[in-house]
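Observations on the three-dimensional arrangement
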Amino acid sequence: MIGTVLCYVLLPAARLLQALRDAFFTYRKNVLLAKSPSTQIEGVFAASRGRSVPEEQEALLQQWLEEGVGNLPASESVPAVRRVSVSLTSDWLEGSELLMTSLSDLNTSPEVTRCADQQHSELNALASSELQDHAVAELARLPSEETVTVAGSAPWAAVVPQTDHQTAGCAGINVEVLNDDPAVLAWSLACDAETVPPVLPAQPIQDAVPFYPVPTEVPYHEILWRDWEDLSVQPLKQVSKNTPLFEFRVMSYNILAQDLVEQGLDLYVHCHPDILNWSYRLPNLLQEIQHWDPDVLCLQEVQENHYWEQLEPTFKEMGFACFYKRRTGTKTDGCAVCYKHSRFQLISLSPIEYFRPGLDVLNRDNVGLVLLLQPVLPEGLDLKAVSPLCVANTHVLFNPRRGDIKLAQVALLLAEIDKIARTTEGSYYPVILCGDLNSVPDSPLYKFIRNGELSYHGMPAWKVSGQEDFSQQLYSRKLLAPLWPSSLGVTDKCQYVTLSQPKKPGRREYSRDFLLQFRFCDVACERPPQLVLLEDRPADWPKPAAMVKDPDPQPFVPRCSGVIQHGLNLTSVYSHFLPQRGRPEVTTMPMGLGATVDYIFYSAEPVESKAGRRLYKDGALKLLGRLSLLSEDVLLMANGLPNPFCSSDHLCLLASFGLEISSLRES
């Protein structure tokens, strides 16, 4: 391990094996979880102790031990040994007690700025006979049962993900935000092999087991490698090299609230306890977010105290303006939307609470956020040259049996987006909808968002999200029309009544819902006696409104028809299938089963419909690229989610967009 000397002195065989396991665990954390530079993250987070390793690692350790013993001369076969000494060279930072330290402190620390050559020379010097004798003498002075540890730290404390600069030659840490292409900065160990100090040949210390390199495995960063997909050259793209674009990145990420982890530990029995600690997960999550450097960040399952005490201060240092909405009731987590204030200005903010007292279809505590942002252009360009952008973020109810609640929550969110994104001419600004919708692709809820219409009357409630199949149950809840009462103020077109039915000046009208109340009334079925029936309509009378051709006809959908619609024209960033692997994409793995429940939808222009499915092309908002997702079998190779590399039970979603700059295009 870089900067560390492991001296194995005689101790019982069982203790030696445990020590090797711990060393291997630490080695994996230190090397395989190395990541790209992070922005300044204030505070020191305590390290966690590693207690065990997976079975395949244990087998490799046993093989390593046997090979090492087999290479010893007969006179040096392993006797009963007494203890293990773990020491850091005096000139190196005592990093094993840190999970994540302040990068500003590390940046000014002379120890961290040493280069690989200095490490190499130090290790060679430390392995010399003089220092070997000194190490043995130090061990001899210790009590027989005392465990030698690094000063100030727990034995074999888990080493946190370090930056590439720390791993590759220990160059000075650069805390500047990297703006390189994500494909180059793929979320992984990105250092080249030639920059890593070469493994030193084993130089055995007297009466000690020689230190051999750890066996090579496929590291996490290779298993979980995610490619950057350039979509600007796809067939339906309308991106021209002569079209100036305002480019930006959007990330959606369910970061797994720590309270939910502790309340549902049975869901994470496959995880080592240390990687579930918030002190381990927080630096991992922050490094991942900083690595991909999004301009707009939509987070779900954000614990309130963690947001105010740790996340918001850190995000502000990274250049974000942040907004948070906690779930109603007794829930401790919520949703957050952050944007780079150097790239966007806030026009309006609208938090949404889905809970409505007295309504069974809206009796849960989920929330959402809708923002209208104005892109910031370089000096000399009018802000009006680029359209405002509507960004929405939500976390929909999980319960697979209550699809009626999920559908009502999404309808309420779409009504809010309709209000915020609607222009004075009646069209819409570009919309990006992010979130954990707890619904799988091609489920009725997914189709409703993408196709703009859903006939739900009589549908089993469990079928709405497609998460689980409860068809074998004798009795199941069914969706009945209307799904929500008119008192909610939302129409079947997912618009607020006050916006969808503007009042005409000087004219008094009853609402359609009010008139429909008399549909089965006896009075409505009787003909008033004073009503005069005209056999022939005079020729000079104006034609009824129904006979006038509407230039943009909309199908009339009665309130009780069981059909809901919206007009936002949204399509998904992801295709939900990996053609190169022949497997579906997954964004989460509950109980070891992969599923897609997280999405980024964006505004597009419909071109045609095939078999009830709309096809889209890019409009003013263009999809330029995306970070690829993984399949279930790949995540299983990494022991599912969370794992030491990914600290949430969800994968992050990342997409790059471009907004046309109209004035430059016209000129």
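Structure's up top.
Going along each chain's sequence as written, the residues are numbered from 1 onward. In keeping with the predicted nature of the model, local features appear solely for residues at pLDDT of at least 70, side-chain atom pairs appear and are counted solely at 80 or more, and the whole-chain, interface and lining totals rest on all residues. Each side-chain value is worked out from all heavy atoms of the structure, with water and hydrogens disregarded.

With respect to the overall build of the protein
The helix count covers DSSP runs of H or I at least four residues long, the strand count covers runs of E at least two residues long, and both are numbered beginning at the N terminus. Regarding its fold elements, the protein presents 17 helices and 24 strands. Buried residues in the protein amount to 50% of all 667 residues. In this description, accessible areas are obtained by the Shrake-Rupley approach with a 1.4 Å probe, and a residue is regarded as covered only by the protein chains that are shown. Of the roughly 32100 Å² that the protein leaves accessible, carbon and sulfur atoms contribute 54%. Each residue is placed in one exposure class: buried if its accessible area under a 1.4 Å probe, protein chains only, is under 20% of its type's maximum, exposed if it is over 50%, and partly exposed if it falls in between.

Brief notes about the sheet that holds strand β7 (residues 245–254)
Only when DSSP finds a minimum of two bridges between them are two strands counted as paired. Ordered by their spatial adjacency, seven strands build an open sheet running β6-β23-β24-β7-β8-β10-β9, and the pairing between neighbours is mixed. Both edges of this open sheet fall to β6 (228–230) and β9 (320–326), since each of them pairs with a single strand only. Ignoring which end each strand starts from, the neighbouring axes of this sheet average 20 degrees apart. Pairing of β6 with strand β23 (residues 621–627), which is carried by three bridges, proceeds in the antiparallel orientation. Note that in β23 the partner of E229 across the bridge is R626. By definition, residues are in contact when any of their heavy atoms lie within 4.5 Å. For helices, the fitted axis covers only the stretch in contact; all axes are lines through C-alpha atoms, and the angles between them, taken along N-to-C directions, range from 0 to 180 degrees. In this fold helix α9 (residues 278–292) packs onto β7, β8 (296–303), β23 and β24 (653–660), with an angle of close to 165 degrees to the strand it touches most, β7. Lying on the sheet, helix α10 (residues 304–317) is in contact with β8, β9 and β10 (333–340); it crosses β9 at an angle near 165 degrees.

Some points on helix α12 (residues 444–451)
Of all the eight residues making up α12, seven are buried; the element is thus mostly covered by neighbouring parts of the structure. For α12, the complete set of buried residues consists of P444, L445, Y446, F448, I449, R450 and N451. One or two steps after α12, the chain reaches G452, where phi turns positive at roughly 85 degrees.

A closer look at the nonpolar core
One finds L224, F248, L299, F315, I432 and F657 to be the most contacted residues of the largest nonpolar core, which totals 72 residues. Looking at this core, the element that brings in the most residues is α9, giving six residues. What I432 contacts, discounting residues up to four positions off in sequence, is F248, V250, L389, C390, V391, A392, I600, F601, Y602, L621 and F657. Take the buried residues of types Ala, Val, Leu, Ile, Met, Phe, Trp, Tyr and Cys, join any two whose side-chain atoms come within 4.5 Å, and each joined set is a nonpolar core.

A closer look at the environment of L624
Its location among the elements puts L624 in strand β23. By relative accessible area, L624 is classed as buried at 9%. Sequence-wise, L624 and F248 are 376 residues apart; in three dimensions their C-alpha atoms are separated by 9.5 Å.

Some words on unusual backbone geometry
Cis geometry is adopted by the peptide bond preceding P482, which originates at A481 and carries an omega value of -5 degrees. Along the chain, the position of P482 falls in the loop between β15 (453–455) and α13 (497–500). Despite not being glycine, N569 has its phi angle at roughly 55 degrees, a positive value. Along the chain, the position of N569 falls in the loop between β16 (563–565) and β17 (570–572). The phi dihedral of H576 falls on the positive side, at around 70 degrees, and the residue is not glycine. Looking at where H576 falls in the secondary structure, it is placed in the loop between β17 and β18 (577–578).

Comments concerning the environment of V391
Within the element layout of this structure, V391 appears in strand β13 (residues 389–395). According to the relative accessible area criterion, V391 is buried, its value standing at 1%. Separated by 21 residues in the primary sequence, V391 and V370 place their C-alpha atoms 5.8 Å from one another. When sequence neighbours within four positions are dropped, the list of residues in contact with V391 reads V296, C298, V337, L369, V370, L371, L373 and I432.

Topic: the packing of helix α11 (residues 403–421) against α12
Between α11 and α12, the shortest axis-to-axis distance is 10 Å and the interhelical angle comes to 20 degrees. Classified by the angle between their axes, α11 and α12 sit roughly parallel to one another. Crossing angle aside, the handedness with which α11 passes α12 is right-handed. Between α11, through K406, L407, V410 and L414, and α12, the contact on the second element is made entirely by L445, F448 and I449. Gly falls in the polar group here, along with every residue not listed as nonpolar (Ala, Val, Leu, Ile, Met, Phe, Trp, Tyr, Cys, Pro) or charged (Asp, Glu, Lys, Arg). For the contact of α11 with α12, the per-class residue count stands at six nonpolar, no polar and one charged. Convention used here: angles under 35 degrees read as roughly parallel, angles over 145 as roughly antiparallel, angles from 65 to 115 as roughly perpendicular, and any remaining angle as oblique. Should the near helix be turned anticlockwise from the far one by less than a right angle, the crossing is left-handed, and should it be turned clockwise, the crossing is right-handed.

A closer look at the sheet that holds strand β11 (residues 344–353)
The sheet built from six strands is open, its strands ordered β11-β12-β13-β14-β20-β17 with mixed pairing. Edge positions in the sheet fall to β11 and β17, since each of these pairs with one other strand and no more. The average angle at which neighbouring strand axes cross in this sheet is 20 degrees, direction not considered. With three bridges connecting them, β17 and strand β20 (residues 598–603) associate as antiparallel partners. Opposite T571, over in β20, you have Y602 as the bridge partner.

A few points about the pattern of salt bridges
Whenever Lys or Arg places a side-chain nitrogen within 4 Å of a carboxyl oxygen from Asp or Glu, that contact is recorded as a salt bridge. By the definition in use, this model includes 16 salt bridges. Between E304 and R326 there is a salt bridge, with its nearest N and O atoms 2.5 Å apart. Taken together, the residues E304 in helix α10 and R326 in strand β9 connect sequence positions 22 residues apart. What emerges from the salt-bridge pattern is a single network uniting D360, R402, D404 and R477.

Observations regarding the state of the cysteines
In protein structure, a disulfide is the covalent linkage between the sulfur atoms of two cysteines. Criterion for a disulfide: a pair of cysteine sulfur atoms within 2.5 Å. Under the defined criterion, the tally for this structure stands at zero disulfides. Here C652 is not cross-linked by a disulfide; its sulfur's nearest cysteine counterpart is in C646, at 7.9 Å.

With respect to the pairing of strand β14 (residues 431–436)
Along β14, six of the six residues are buried, which leaves the element largely enclosed by surrounding structure. Here β13 runs beside β14; their pairing, made up of six bridges, is parallel. If you follow V391 over to β14, its bridge partner there is I432. Handedness of a crossover: with both strands directed away from the viewer, a clockwise path from the first strand across the helix to the second marks it as right-handed. The β-α-β motif built from β13, the intervening α11 and the parallel element β14 has right-handed crossover chirality.

Details of α9
The end-to-end C-alpha distance of α9, which contains 15 residues, comes to 21 Å, matching closely the 21 Å that a straight helix rising 1.5 Å per residue would cover. Counting buried positions along α9 gives 14 out of 15 residues, so the element sits mostly inside the fold. Helix span, as expected, comes to 1.5 Å for every residue beyond the first.

A word on the pairing of strand β22 (residues 613–617)
Look at any regular strand and the pattern is simple: side chains alternate between the two faces of the sheet. Strand direction decides the pairing type here: strand β21 (residues 605–610) and β22, joined by five bridges, are antiparallel. Each bridged residue has a counterpart across the sheet, and for S609 the counterpart in β22 is R614.

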